[in-house]
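What the coordinates show
Take a look at the letters that make up each chain.
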Amino acid sequence: MSAIGIIDYGMGNLHSLGKALERVSSSGRVLISYDPEELLSCDRLVLPGVGGVRECMKELCRLELNEMIVEAARSKPMLGICLGMQVMLEWSDENGGVAALGLFPGKVVRFPDPSPGTPGARLKVPHMGWNRVRQAQAHPLWAGVPDESWFYFVHSYHAQPADPAHVLGTAEYGHPFAAAIARDNIAAFQFHPEKSQNVGMTLLANFTQWSP
Amino acid sequence: MLAKRIIPCLDIDRGRVVKGVKFEDIRDAGDPVEVARKYDYQGADELVFLDITASAEDRPTLFQTVEQVAREIYIPLTVGGGVRSCADVRALLSAGADKVSINTAAVENPRFVTEAGERYGVQCIVVAIDCKRVVKKSPLGRKPKTEPPRWEVFTHGGRRATGLDAVEWAVTMVEHGAGELLITSMDRDGTKSGYDLELLQAISATVPVPVIASGGVGTLDHLYDGLTAGGADAVLAASIFHQGTHTIGEAKRYLADKGVPVRI
């Protein structure tokens with residue numbers, strides 16, 4: 001029997017992600033766990049996340065999940081979501097600068113803060129709400145997802161992957177930024193598929209069947 | 001481009017959707033799960049539940065409602081009303097809420113907003129500000145001097161004046177880590193006379209975080225005004241949707257026709 005492991009390092013809300021994965025996963029069970037061995041026994045892993053990157057990395061290390069993630073990333077299909085995507089890069093500027101997992105070359109930077117001025121015309125931080133994602137390349141995860149679909153975002157920092165070939169999709173907020181990245185067996189979304197209604201469910205369903 | 005959000009608000013009392021006028025006169029408006037399902041289908045961008053249940057014993061009913069809704073609906077859900085501690089925040093998030101809205105407890109202890117934001121991420125901390133325009137009495141019937149309008153913050157469901165200036169309070173809350181602000185004009189709430197645009201403008205032009213407009217929607221034009229003249233990032237409405245005056249879809253098409261970016 002196949003299982004999807006959600007990596008639980010004690011931050012944020014895994015309820016809706018777990019429910020969403022259960023709904024779209026036809027055969028597999030969904031396991032929410034912080035036990036590295038249990039997670040390594042799953043066929044595929046999801047690294048979710050909200051909150052600050054320093055606390056996130058601290059908890060991943062304390063629970064010895066960082067090494068497990070790097071090891072699993074060599075072979076298992078893996079999906080990062082939101083902060084879970086950001087920690088997959090090498091470095092984040094958040095919280096004064098934090099070294100991250102380094103599954104993708106590149107770093108994570110903040111959107112520039114808006115200067116007070118005309119209401120409505122300036123870009124607020126966090127980037128919060130529904131934005132369109134332009135698909136930068138064909139990928140099995142995009143199957144059945146129309147180009148320029150709307151996804152739900154909430155974040156103040158965004159990834160800057162060093163290799164443009166890793167960019168799976170972009171969204172526009174002042175400038176285009178990487179909303180989805182992928183290489184080999186690893187993919188990551190800045191938006192929340194579990195909060196993005198039907199297209200989000202399609203993406204998650206695609207992940208549960210992805211065999212890179 | 002980021003879409004402007006349309007957010008139906010469900011006031012919840014002991015597991016039922018209700019709607020008051022000017023914070024009083026409560027009327028039953030249906031079952032939360034059914035109402036939430038309907039709005040999701042119509043294309044609501046988020047849902048807000050405000051729990052107005054008075055007694056603490058009925059609190060578990062809210063968690064049940066949140067769980068039921070979160071099981072079926074895959075758009076963001078904000079829950080507010082009586083959120084007073086990090087334990088409350090955690091309980092709501094694990095019941096399935098994506099964000100919590102903090103009101104009275106933020107005034108009583110601004111540090112709470114910071115702590116909740118640090119622990120659960122600022123993106124899930126909405127600070128709700130209920131406020132009323134400060135009306136200056138003119139002595140001996142003389143016309144008062146024209147001064148910029150001011151608004152006072154109220155807590156405890158609009159029953160208690162705080163003496164705080166709403167715009168200053170909004171800035172303070174963002175400094176304390178609020179990820180988003182929900183601004184309700186008590187003067188307009190339930191009146192269907194439109195948002196207090198000056199209030200929205202004053203706050204939206206000052207803070208860096210998204211502002212949700214609330215209180216007073218009666219027509220689709222009011223939504224448009226809130227998002228344009230008011231400068232809000234999202235509009236919250238209850239009665240025009242609950243009473244079936246308009247669907248969310250109609251509202252979005254109306255806004256799209258007038259050039260407002262919305263998710264359709």
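Rules and cut-offs
- Residues numbered from 1 in each chain as written.
- Chains lettered and ligands numbered in written order.
- Predicted model: local features only at pLDDT ≥ 70, side-chain atom pairs only at ≥ 80, totals over all residues.
- Heavy atoms only, no water.
- UniProt positions renumbered as here; feature names shortened; annotations may be inferred.
- 1 Å grid on protein atoms, 1.4 Å probe; cavity = no way out; pocket = protein on both sides within 12 Å on 5 of 7 lines; lining within 4 Å.
- Helix = DSSP H or I, 4+ residues; strand = E, 2+ residues; numbered from the N terminus.
- Buried < 20%, exposed > 50% of the residue type's maximum accessible area, 1.4 Å probe, protein only.
- Polar contact = N/O pair within 3.5 Å; in protein donor to acceptor, adjacent residues only side chain to side chain.
- Contact = heavy atoms within 4.5 Å.
- Axes fitted to C-alpha atoms, helices over the stretch in contact; angles between N-to-C directions.
- Parallel < 35°, antiparallel > 145°, perpendicular 65-115°, else oblique.
- Left-handed = near helix turned anticlockwise from the far one by under 90°.
- Nonpolar A, V, L, I, M, F, W, Y, C, P; charged D, E, K, R; others polar.
- Lys, Arg positive; Asp, Glu negative; His and termini not counted.
- Salt bridge = Lys/Arg side-chain N within 4 Å of Asp/Glu carboxyl O.
- Core = buried A, V, L, I, M, F, W, Y, C linked by side-chain atoms within 4.5 Å.
- Phe/Tyr/Trp six-rings, centres within 6.5 Å; stacked < 30°, edge-to-face > 60°.
- Lys NZ or Arg CZ within 6 Å of the ring centre and 35° of its normal.
- Buried area = accessible area lost by both parts, 1.4 Å probe.
- Pairing = 2+ DSSP bridges.
- Points joined across faces, edges and corners; volume = space filled by probe spheres on them.

We now examine the UniProt feature "active site" (unreviewed entry) in chain A. The residues that UniProt annotates with the feature "active site" (unreviewed entry) are A:Cys82, A:His192 and A:Glu194. The greatest C-alpha distance among the residues just named is 11.0 Å, despite their covering 113 residues of sequence, which places them together in space. From this annotated list, the subset lining the second largest pocket comprises A:Cys82 and A:His192. The residue A:His192 is located in the loop between β13 (186-189) and α6 (197-209) in this model. The exposure class of A:His192 is buried, given its relative accessible area of 8%. There is a polar contact of 2.9 Å between the side chain of A:His192 and the side chain of A:Glu194. Assignment of secondary structure puts A:Glu194 in the loop between β13 and α6. What A:Glu194 contacts, discounting residues up to four positions off in sequence, is A:Ser16, A:Leu17, A:Ala20, A:Ile81, A:Met201, A:Leu204 and B:Tyr74.

This next bit is on the packing of helix α8 (residues 220-227) of chain B against helix α10 (residues 248-257) of chain B. All names here are of chain B. At a minimum axis distance of 10 Å, the contact between α8 and α10 shows a crossing angle of 55°. Considered as vectors, α8 and α10 are oriented oblique to each other. Two packed elements cross with a definite hand, and for α8 against α10 that hand is right-handed. Each of Leu220, Asp221, Leu223, Tyr224 and Leu227 in α8 lies in contact with α10, whose residues at this interface are Glu250, Ala251, Tyr254 and Leu255. Classifying every residue of the contact of α8 with α10 gives 7 nonpolar, no polar and 2 charged.

A word on the side chain of A:Lys76. Residues and elements named next belong to chain A. Inspection of the secondary structure assignment puts Lys76 in the loop between α4 (65-72) and β4 (78-81). The charged side chain of Lys76 is buried without a salt bridge, its nearest counter-charge being Asp43 at 6.6 Å. With sequence-adjacent residues up to four places away left out, Lys76 is seen in contact with Leu39, Leu40, Cys42, Asp43, Leu45 and Asn185.

What follows deals with the nonpolar core. All names here are of chain B. Formed by 77 residues in total, the largest nonpolar core has its most connected members in Leu47, Leu181, Ile203, Leu223 and Phe241. Considering each element in turn, this core owes the most residues, 6 residues, to helix α6 (residues 166-175). In this structure Ile203 touches Ala166, Val167, Ala170, Leu181, Ile183 and Val211, once residues within four positions along its chain are discounted.

A full pass over the atoms with the stated rule returns 9 aromatic pairs over all chains. A centroid spacing of 4.8 Å and a plane angle of 10° characterise the contact between A:Phe189 and A:Phe191, whose relative ring orientation is stacked. One residue, A:Arg44, lies across the ring of A:Phe207, its end atom 5.8 Å from the ring centre. The ring of B:Phe154 has B:Lys132 sitting right over it, with the charged end atom 4.8 Å from the ring centre.

Attention shifts here to the interface of chain A and chain B. A common way to report how large an interface is uses the accessible area buried once the components associate. Counting from both sides, the interface comprises 33 residues of chain A and, opposite them, 42 residues of chain B. In terms of surface lost to chain B, no three residues of chain A exceed A:Lys124, A:Met128 and A:Trp130, which account for 23% of the buried area on that side. In this structure, the connection of chain A to chain B is made through 2 salt bridges. Put simply, A:Lys124 and B:Asp233 hold a salt bridge, and the shortest N to O gap is 2.7 Å. Taken together, the connections running from chain A to chain B amount to 14 residue pairs in polar contact (both at pLDDT 80 or more). Secondary structure elements with two or more residues in the side of chain A that touches chain B: α1 (15-24), β8 (127-135), β9 (149-155), β11 (167-173) and α6 of chain A.

Residues and elements named next belong to chain A. Here strand β5 (residues 89-92) runs beside strand β7 (residues 104-110); their pairing, made up of 3 bridges, is parallel. Bridge pairing links Ser92 to Val108 in β7. By the bridge criterion, 5 bridges tie β7 to strand β10 (residues 157-161) in an arrangement that is antiparallel. The residue bridging Lys107 from the neighbouring strand is Gln160, located in β10.

A separate point is the layout of surface pockets. In this structure, the second largest pocket spans a volume of roughly 690 Å³. Lining the second largest pocket are 35 residues, and of these A:Gly51, A:Gly52, A:Glu94, A:Ser156 and B:Val122 sit closest to its centre. Mapped by element, the contributors of at least two residues to the lining of the second largest pocket are α5 (83-86) and β9 of chain A together with α5 (110-120) and α6 of chain B. Ranked by the residues each element gives to the lining of the second largest pocket, the list is headed by α5(B), at 5 residues. Its residues assigned to classes, the lining of the second largest pocket shows 13 nonpolar, 15 polar and 7 charged.

A few words on the packing of helix α2 (residues 59-72) of chain B against helix α3 (residues 86-95) of chain B. All names here are of chain B. Between α2 and α3, the least distance of the axes is 8 Å, while the angle of their chain directions is 35°. Along the contact surface, α2 presents Arg59, Leu62, Phe63, Val66, Glu67 and Ala70, while α3 presents Ala91, Leu92 and Ala95. Split by residue class, the contact of α2 with α3 holds 7 nonpolar, no polar and 2 charged.

On to the pattern of salt bridges, then. Across all of its chains, the model carries 19 salt bridges over all chains by this definition. Between A:Asp184 and A:Arg183 there is a salt bridge whose closest N-O contact spans 2.9 Å. Judged by its relative accessible area of 24%, A:Arg183 falls in the partly exposed class. Here A:Lys195 and B:Asp98 are joined by a salt bridge, their closest N and O atoms 2.9 Å apart. Of this pair, A:Lys195 sits in the loop between β13 and α6 while B:Asp98 sits in the loop between α3 and β6 (99-102), placing the two residues on different chains. Here the residues in one salt-bridge network are B:Arg5, B:Glu46, B:Lys99 and B:Glu180, joined through shared partners.

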